[in-house]
Amino acid sequence: MSKVTLHTIRTRWILLPVTVFLCAGCEMEGFNPNGERAAPGIISNQKEWTIVAHGGSFQNIRSAIDGLQSTAAVSGRNYANAAVTIDLGRSNYFNCISLLQGDNEDGYPRQVALSTSLDGKTFTHQRTVYGTRKVTYILLVQPIRARYIRLTAVRQNVNPWSLAEIFLQ
């Protein structure tokens, strides 16, 4: 075999476990994009959640956590640095957040930042990810504990930001 072929094979074997690791946590047991949340008791019931938008001229912000993928909170055309803060009602452990765009599958920011807080006043930046079509996943290497999560559109896209549902795992 040539060196290129051996290098390619080795690279694939190295990247395979990394890929499997990064995919774990969001589409495993407990996560179902058809509307079911994590196993009861692991994540607070979404009926306990409250949501507030800061900037972005969002309409129907409650639709982002209403349990119906047929409804969506939608920002105005200019939403750079707009943020959505969710009070989960109590402290929760999680390592993945999934943002479903719903019918507007291209309604995602180019970059989204996740910050978390236990008191709602002091937020810690956890991760910034690139938005993706249909669903944007924010994966964390270690589970974190938080009562409040803040999602910020670091870079807006061409289309308004659409949030049909927000899942925690």
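Every value quoted in this text rests on a predicted model; they were computed, and no experiment measured them.

Chemist: Explanation requested: the overall build of the protein chain in the structure shown.
Modeler: Across its full length, the protein chain carries 1 helix and 8 strands. With 169 residues in all, the protein chain has 42% of them scored as buried. Sequence separation of 24 or more characterises 76% of the internal contacts of the protein chain that already satisfy a separation of 6 or more.

Chemist: Got a minute to help me understand the pattern of salt bridges in this structure?
Modeler: Oppositely charged side chains can pair when the atoms bearing their charge come close. Counting across every chain of the model gives 3 salt bridges. With a shortest N-O distance of 2.8 Å, R147 and D87 are connected by a salt bridge. Pair noted here: R147 is in strand β6 (residues 135-155) and D87 is in strand β3 (residues 83-100), with a separation of 60 residues, a long-range link. A residue is classified by how much of its surface remains accessible, and R147, at 28% relative accessible area, is partly exposed.

Chemist: Quick question: what am I supposed to make of unusual backbone geometry here?
Modeler: Leave glycine aside and you will find that most residues have negative phi; peptide bonds, for their part, are mostly trans. Phi angles above zero are rare outside glycine, and S57 is one such case at about 50°. Note that S57 resides in the loop between β1 (50-54) and β2 (73-74). With phi around 70°, N81 is a residue other than glycine that occupies positive phi space. The residue N81 is located in the loop between β2 and β3 in this model.

Chemist: Could you clarify how one ought to interpret the side chain of T116 in this entry?
Modeler: By the element assignment, T116 lies in strand β4 (residues 111-117). With relative accessibility at 5%, the residue T116 sits in the buried group. Reaching out from T116, the side chain makes a polar contact with the side chain of Q126 at a distance of 2.9 Å. If sequence neighbours within four positions are ignored, T116 has contacts with F94, T122, F123, T124, Q126, I144, A146, Y148 and I149.

Chemist: What's the story with the pairing of β4 in this structure? I'm lost.
Modeler: For β4, a buried count of 7 out of 7 residues is recorded, marking the element as mostly surrounded by other parts of the structure. Where burial is concerned, the two faces of β4 agree: the one with Q111, A113, S115 and S117 and the one with V112, L114 and T116 are both buried.

Chemist: Even after reading the chapter, I still don't get the nonpolar core, so can you show me in this structure?
Modeler: In globular proteins that are soluble, nonpolar side chains generally tend to be buried together. In this structure, I86, F94, I97, I166 and L168 are the most contacted members of the largest nonpolar core, which totals 30 residues. Those elements that provide at least two residues to this core are β3, β4, β6 and β8 (165-168). With 7 residues, the top contributor of residues to this core is β6. Not counting residues up to four positions away in its chain, the partners in contact with I86 are W49, T50, I51, I65, R147, Y148, I149 and I166.

Chemist: Help me understand the confidence of the model for the protein chain in this model?
Modeler: Low-pLDDT portions of the prediction should not be read for the details of their coordinates. In the predicted model, the protein chain carries a mean pLDDT of 84, and the fraction of residues at 70 or more is 76%. Across residues 18-31, where pLDDT falls below 50, the model places 20 contacts with residues more than four positions away in sequence or in other chains.

The rules we used
Residues numbered from 1 in each chain as written. Predicted model: local features only at pLDDT ≥ 70, side-chain atom pairs only at ≥ 80, totals over all residues. Heavy atoms only, no water. Helix = DSSP H or I, 4+ residues; strand = E, 2+ residues; numbered from the N terminus. Buried < 20%, exposed > 50% of the residue type's maximum accessible area, 1.4 Å probe, protein only. Contact = heavy atoms within 4.5 Å. Salt bridge = Lys/Arg side-chain N within 4 Å of Asp/Glu carboxyl O. Polar contact = N/O pair within 3.5 Å; in protein donor to acceptor, adjacent residues only side chain to side chain. Core = buried A, V, L, I, M, F, W, Y, C linked by side-chain atoms within 4.5 Å. pLDDT = per-residue confidence, 0-100.

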